[in-house]
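Structure at a glance
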Amino acid sequence: MEALKGVRILDMTHVQAGPTCSQLLAWMGADVIKFENPAGDATRGQLRDVPKADSLYFTMLNCNKRSITVNMKSAEGKQVFVELLKKCDIIMENFGPGVLDRFGFSWEKIHDLNPKIVMGSIKGFGSSGPYADFKAYENVAQAMGGAMSTTGVPDGPPFVTGAQIGDSGTGLHLAIGLLAALRQAEKTGQGQYVEVAMMDGVMNLCRVKFRDHQRLTRGDLPEYSVPTYKDMGEVPRAGNDSGGGQLGNAIHCKPHGANDWLYIVVQEAVWEALAKRIGPDVHIPDLATDPRFATIGERRKNQALMWTLINKFAEQYTKRELMAILNPLDVPCGPIMSTDDLANDEHVRGRDMWVELDHPQRGKWWNVGMPIKLSGSPAVIKRSPTLGEHTDEVLREVLGYDESKVGALKQAGAFSSPPKKAA
Ligand SMILES: CC(C)(COP(=O)(O)OP(=O)(O)OC[C@H]1O[C@@H](n2cnc3c(N)ncnc32)[C@H](O)[C@@H]1OP(=O)(O)O)[C@@H](O)C(=O)NCCC(=O)NCCS
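Residues numbered from 1 in each chain as written. Predicted model: local features only at pLDDT ≥ 70, side-chain atom pairs only at ≥ 80, totals over all residues. Heavy atoms only, no water.

Taken together, the three strands give an open sheet; going across it, the order is 7-8-9, and neighbouring strands pair in antiparallel fashion. Across the chains shown, the open sheet's two edge strands, defined by having one partner strand only, are strand 7 (247-252) and strand 9 (333-335). With strand direction ignored, the average angle separating the axes of adjacent strands in the sheet is 15 degrees. Taken together, the six bridges between strand 7 and strand 8 (residues 261-266) define a ladder with antiparallel strand orientation. Of the residues in strand 8, the one forming a bridge with Ala250 is Tyr263. Where helix 12 (residues 303-314) meets the sheet, its contacts fall on strand 7 and strand 8, and the angle it forms with strand 7 comes to roughly 35 degrees. (Pairing = 2+ DSSP bridges. Helix = DSSP H or I, 4+ residues; strand = E, 2+ residues; numbered from the N terminus. Axes fitted to C-alpha atoms, helices over the stretch in contact; angles between N-to-C directions. Contact = heavy atoms within 4.5 Å.)

This paragraph deals with the pattern of salt bridges. Across all of its chains, the model carries 25 salt bridges by this definition. A salt bridge links Asp11 to Lys65; the shortest N-O distance between them is 3.6 Å. With Asp11 in strand 1 (residues 8-11) and Lys65 in strand 3 (residues 65-69), this pair connects stretches of sequence that are 54 residues apart. By relative accessible area, which is 0% here, Asp11 ends up buried. For Lys65, a relative accessible area of 4% gives the class buried. In this structure, Arg277 and Asp281 form a salt bridge, with 4.0 Å as the shortest nitrogen-oxygen distance. With a relative accessible area of 34%, Asp281 lands in the partly exposed category. In this structure, a network of salt bridges that share partners links the residues Arg8, Asp31, Arg66, Glu393 and Glu397. (Salt bridge = Lys/Arg side-chain N within 4 Å of Asp/Glu carboxyl O. Buried < 20%, exposed > 50% of the residue type's maximum accessible area, 1.4 Å probe, protein only.)

The next thing to look at is the side chain of Asp167. Mapping Asp167 onto the fold places it in the loop between helix 6 (138-144) and helix 7 (168-188). Buried within the structure, Asp167 lacks any salt-bridge partner; Lys123 is the closest side chain of opposite charge, at an N-O distance of 12 Å. Leaving out residues up to four positions away in the same chain, Asp167 has contacts with Gln16, Ala17, Glu138 and Met198. (Lys, Arg positive; Asp, Glu negative; His and termini not counted.)

Looking now at the site of the ligand. Among the 25 residues in the neighbourhood of the ligand, the closest are listed as Val70, Met72, Gly96, Lys135 and Ala136. In the environment of the ligand, an oxygen atom lies 3.0 Å from a nitrogen or oxygen atom belonging to the side chain of His14. Note that an oxygen atom of the ligand is positioned 3.2 Å from one of the side-chain N or O atoms of Arg102. If the ligand stood free it would expose 930 Å²; the protein chains cover 81% of that surface. (Near = heavy atom within 4 Å. Polar contact = N/O pair within 3.5 Å; in protein donor to acceptor, adjacent residues only side chain to side chain. Areas by Shrake-Rupley, 256 points an atom, 1.4 Å probe, with all protein chains shown as cover.)

Spatially, 3-2-1-4-5-6 is the arrangement adopted by the six strands of the open sheet, whose pairing is parallel. Among the strands making up the open sheet, the edge pair consists of strand 3 and strand 6 (193-197). Across the sheet, the mean angle from the axis of one strand to that of its neighbour is 20 degrees, orientation sign disregarded. Pairing of strand 5 (residues 118-123) with strand 6, which is carried by five bridges, proceeds in the parallel orientation. Residue pairing across strands places Ile122 opposite Val196, the latter belonging to strand 6.

Right under this line is the structure:
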């Protein structure tokens with residue numbers, strides 16, 4: 001049985017942050033009803049690669065959900081919303097600030113209507129504080145949560161990461177909060193409001209940078225390859241430094257293309273074996289006993305030279321060849337994998353992390369799989385719904401509406417966009 005079988009979610013989320021969360025919950029077996037604006041989640045049409053088909057932006061974030069369109073700007077639509085609310089365990093949204101209030105549904109009202117329902121809300125900055133009224137997208141959250149100021153090199157501009165820590169990262173945080181609140185609601189009969197601000201989520205993911213921020217009040221950061229000093233204030237951007245107690249860096253390999261790099265962690269325990277292997281090739285046969293690298297403290301001090309030597313050794317190998325040399329020495333390392341490497345990787349396929357699906361509008365396509373593996377209830381990934389595909393089904397099955405009621409509501413415009421007014 002699926003872990004969340006029997007949990008029904010009224011999913012008003014859109015774009016990426018919310019849908020990431022509800023897709024994970026759907027993969028764990030929840031019945032996720034994607035409650036859409038009749039115009040559809042904007043991502044259905046964004047970055048379209050196949051004419052008239054739902055974009056990959058949408059399909060990759062909305063699998064295993066049912067789609068119902070409801071016009072919340074009509075009285076009939078609001079009535080359907082209220083009835084669905086009473087049949088669901090979780091409601092979730094990531095609208096801009098104030099949107100649900102403008103519909104007339106504050107958390108207090110929702111809680112009144114269904115005291116057991118858990119409500120999940122993602123906002124750029126939460127519902128309190130000076131930034132509460134602002135909208136946010138991924139890179140705004142990365143900028144404001146500390147990720148950008150700590151990513152890149154000191155004399156270059158701040159960089160965003162490719163990993164969507166602001167959107168998808170916040171979705172993960174919300175999923176954890178919802179499951180905790182759901183468990184409490186099951187015990188107490190009382191739901192609660194679960195809020196995750198994207199800025200807070202990014203700060204959480206930058207936790208170790210705030211460790212370093214405080215260490216700077218006591219001294220420099222010896223593991224950083226870039227200069228640091230006591231009371232410098234801001235944690236500097238440190239390129240590809242490891243960020244942990246061990247030294248690490250990306251090493252350029254043959255044939256020296258964009259992704260021909262191997263990330264290597266020179267873990268304390270492996271230095272001797274590594275030094276013995278590379279020393280002769282870089283003309284320092286006694287590297288393993290060289291006092292400049294004898295202790296981790298010395299290696300930190302002389303890390304520029306250490307990386308030069310490892311890079312010199314790497315010149316003759318591809319990233320895979322270098323990995324094959326280092327793995328038997330127990331050196332933690334990993335090739336920089338391009339999207340193409342990953343889409344064709346045996347390990348990735350074997351773990352169902354690159355999954356082929358079919359879709360009525362776009363044909364065959366691929367999704368990244370479910371990263372959380374439950375032994376007793378593995379995820380079965382199904383395609384995303386087309387817009388409003390399940391409107392009738394949900395009205396009949398969840399709300400028990402008959403054909404004439406559905407017809408009358410349709411006639412009244414409960415499920416469609418109001419006709420545009422003539423100019
Ligand atoms: C992402 C974001 C910036 C997009 O902004 P936006 O496109 O202006 O969308 P909003 O959420 O502010 O507004 C949605 C609009 O659709 C309307 N709408 C949504 N569902 C509807 C429905 N079922 N029926 C009728 N109208 C609907 C809302 O009423 C609102 O219009 P209004 O401003 O006239 O009230 C904003 O939603 C946001 O800041 N969200 C919180 C942070 C977040 O999740 N960001 C990351 C997204 S990946």
